[in-house]
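Given next are the chains, with one letter for each unit.
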Amino acid sequence: MNENIHEQLATNIAEVRANIAAAAQRAGRSAEKIRLVAVSKTVAVELVKIAYNLGVTHFGENRVQDALPKIADFHPQGVYWHMIGHLQSNKANKVVAPFDSVQSVDSLHLAQALNRHAAEQGKLLPVLLQVNVSGEASKEGMTPAEAPALARQIAALPALEVLGMMTIAPLVANAEKARPVFRALRELRDQLQNEVPHCSWEELSMGMTDDYRIAIEEGATIVRIGRAIFGERVYKGVTTHET
Ligand SMILES: *Cc1c(COP(=O)(O)O)cnc(C)c1O
């Protein structure tokens, strides 16, 4: 059983890495600049450990309650845990210590709460600003219009290190349809690089199982991949494509 899982994960990870390399090459980019975050939500920590043994060092989780036991179980030096899901400000105190970054900062209120707890713990917390580029009501994130003003205020918080932006593209049948969303995030980033110059704005976290190749062509530096690595997710006995 375990050997099969190991083999399956090895195949999946190799395939994802090959696709990342091919997409980078199409865009004339270096694949080394693209970080693979394996999204381990709903997945047992044993599979995280297998992925780690296969060379994956970055993991993403979207629910605090599910993530905390896994991180407590497995957080050796060189493993990085990313919070990628919507976070209520009153849970900020729970994520600052265990997580290595929060990619889903979508409000000033949340940023201030994270900043306060990070300062208390003497930690500089790397964050990304989550932008709802597509404007879908179901998606979290600040609007592109409010991003510059929020970016300026969040960048001024001393215990947060703003590294860039994150977005989730709409679910579409053809990944090509997500391309304008990725392009728009990159253009917004370029704008912020000019307007809020004391942050690097280097990181663009965009692209998931169905659309990471396109996201890389549009400049993604971080791809967040769940199903292509760990297989379809099972929620309470139901297999689904939904995030
Ligand atoms: C679940 C999730 C992912 C990974 O989705 P897959 O389609 O399984 O690759 C990426 N980002 C976020 C924010 C998620 O919630």
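Refer to the structure above for everything that follows.
Residues numbered from 1 in each chain as written. Predicted model: local features only at pLDDT ≥ 70, side-chain atom pairs only at ≥ 80, totals over all residues. Heavy atoms only, no water.

**Q** Got a minute to help me understand the overall build of the protein in this structure?
**A** Scanning the protein from N- to C-terminus turns up nine helices and 10 strands. Computed over its C-alpha atoms, the radius of gyration of the protein comes to 17 Å, within 12% of the 18 Å expected for a compact globule of 243 residues. C-alpha atoms of the protein, sized along the principal axes, occupy 50 × 40 × 35 Å. When the 243 residues of the protein are sorted by exposure, 50% land in the buried category. Contacts in the protein between residues far apart in sequence, at least 24 positions, make up 60% of those at least 6 positions apart. (Helix = DSSP H or I, 4+ residues; strand = E, 2+ residues; numbered from the N terminus. Rg over C-alpha atoms; globule rule 2.2 N^0.38 Å. Buried < 20%, exposed > 50% of the residue type's maximum accessible area, 1.4 Å probe, protein only. Contact = heavy atoms within 4.5 Å.)

**Q** Help me understand the site of the ligand, please; the structure alone is not making it clear to me.
**A** Surveying the vicinity of the ligand reveals the residues V39, K41, I84, I168, M208, T209, R224, I225, G226, R227 and R233. Protein contact buries 97% of the 390 Å² of open area that the ligand shows by itself. Its residues assigned to classes, the shell around the ligand comprises five nonpolar, two polar and four charged. (Near = heavy atom within 4 Å. Areas by Shrake-Rupley, 256 points an atom, 1.4 Å probe, with all protein chains shown as cover. Nonpolar A, V, L, I, M, F, W, Y, C, P; charged D, E, K, R; others polar.)

**Q** How should I be thinking about the nonpolar core in this particular structure?
**A** Grouped burial of nonpolar side chains is what soluble globular proteins tend to show. Formed by 74 residues in total, the largest nonpolar core has its most connected members in L114 and I154. If you tally residues by element for this core, the top one is helix α1 (residues 2-26), at six residues. For L114, the contacting residues outside a window of four places in its chain are L87, A92, V95, V96, V102, V105, L125 and L160. Grouped together as the second largest cluster of nonpolar side chains are six residues, V37, I84, M166 and I222 included. (Core = buried A, V, L, I, M, F, W, Y, C linked by side-chain atoms within 4.5 Å.)

**Q** Is there a simple way to explain the environment of Q77 in this structure?
**A** Position of Q77 relative to the elements: it lies in the loop between α3 (64-73) and β3 (80-83). A C-alpha to C-alpha distance of 9.7 Å links Q77 and T57, two positions 20 residues apart in sequence.

**Q** Which parts of the structure should I look at to understand α1?
**A** Every α-helix winds through 3.6 residues per turn, so residues three or four apart in the chain are directed the same way. The end-to-end C-alpha separation of α1 is 36 Å, in line with the 36 Å expected for 25 residues at 1.5 Å each. Among all positions in α1, only L9, N12, I13, V16, N19, I20, A23 and A24 are buried. Of the surrounding secondary structure, the elements contacted by the buried residues of α1 are β1 (35-39), α2 (45-53), α8 (212-217), β8 (222-225) and α9 (227-230). Immediately downstream of α1, the backbone of G28 shows phi near 65°, a positive value. (Expected span 1.5 Å × (residues − 1).)

**Q** Even after reading the chapter, I still don't get the pairing of strand β4 (residues 101-105), so can you show me in this structure?
**A** Remember that side chains alternate between the two faces of the sheet whenever the strand is regular. Among the five residues that make up β4, five are buried, leaving the element largely enclosed by the rest of the structure. With two bridges joining them, β3 and β4 adopt parallel strand pairing. In the strand pairing of β4, M83 is matched with V102. With two bridges connecting them, β4 and strand β5 (residues 125-130) associate as parallel partners. Across the sheet, the residue bridging to V105 is L129, located in β5. Read from β4 through helix α5 (residues 108-120) to β5, the crossover connection turns out right-handed. (Pairing = 2+ DSSP bridges. Right-handed = clockwise from strand over helix to strand, strands pointing away.)

**Q** Is there a simple way to explain the packing of aromatic side chains in this structure?
**A** A ring pair, where both rings are aromatic, is described by two values, the distance of the centres and the angle of the planes. Counted by the stated rule, this structure contains two aromatic pairs. Consider the rings of Y52 and F74, whose centres lie 5.2 Å apart with planes at 75°: the pair is edge-to-face. Taken together, the positions of Y52 in helix α2 and F74 in the loop between α3 and β3 put the pair 22 residues apart, joining distant regions of the chain. Under the relative-accessibility criterion, Y52 is labelled partly exposed at 28%. Judged by relative accessible area, which is 11%, F74 ranks as buried. Plain terms: the ring middles of F59 and W81 are 5.5 Å apart, the flat faces sit at 35° to each other, and that makes the pair tilted. With F59 in strand β2 (residues 58-61) and W81 in strand β3, the pair connects residues that are 22 residues apart, well separated along the chain. (Phe/Tyr/Trp six-rings, centres within 6.5 Å; stacked < 30°, edge-to-face > 60°.)

**Q** For this particular structure, what's the right way to read the pairing of β5?
**A** In terms of residue burial, β5 counts as a mostly covered element, since six of its six residues are buried. Judged by which residues are buried, β5 turns out to be covered on both faces: L125, V127 and L129 on one side and P126, L128 and Q130 on the other are all buried. Here β5 runs beside strand β6 (residues 160-166); their pairing, made up of six bridges, is parallel. Within β6, the residue paired with L129 across the bridge is M165. In this view, the connection linking β5 to its parallel neighbour β6 by way of helix α6 (residues 147-155) has right-handed handedness.

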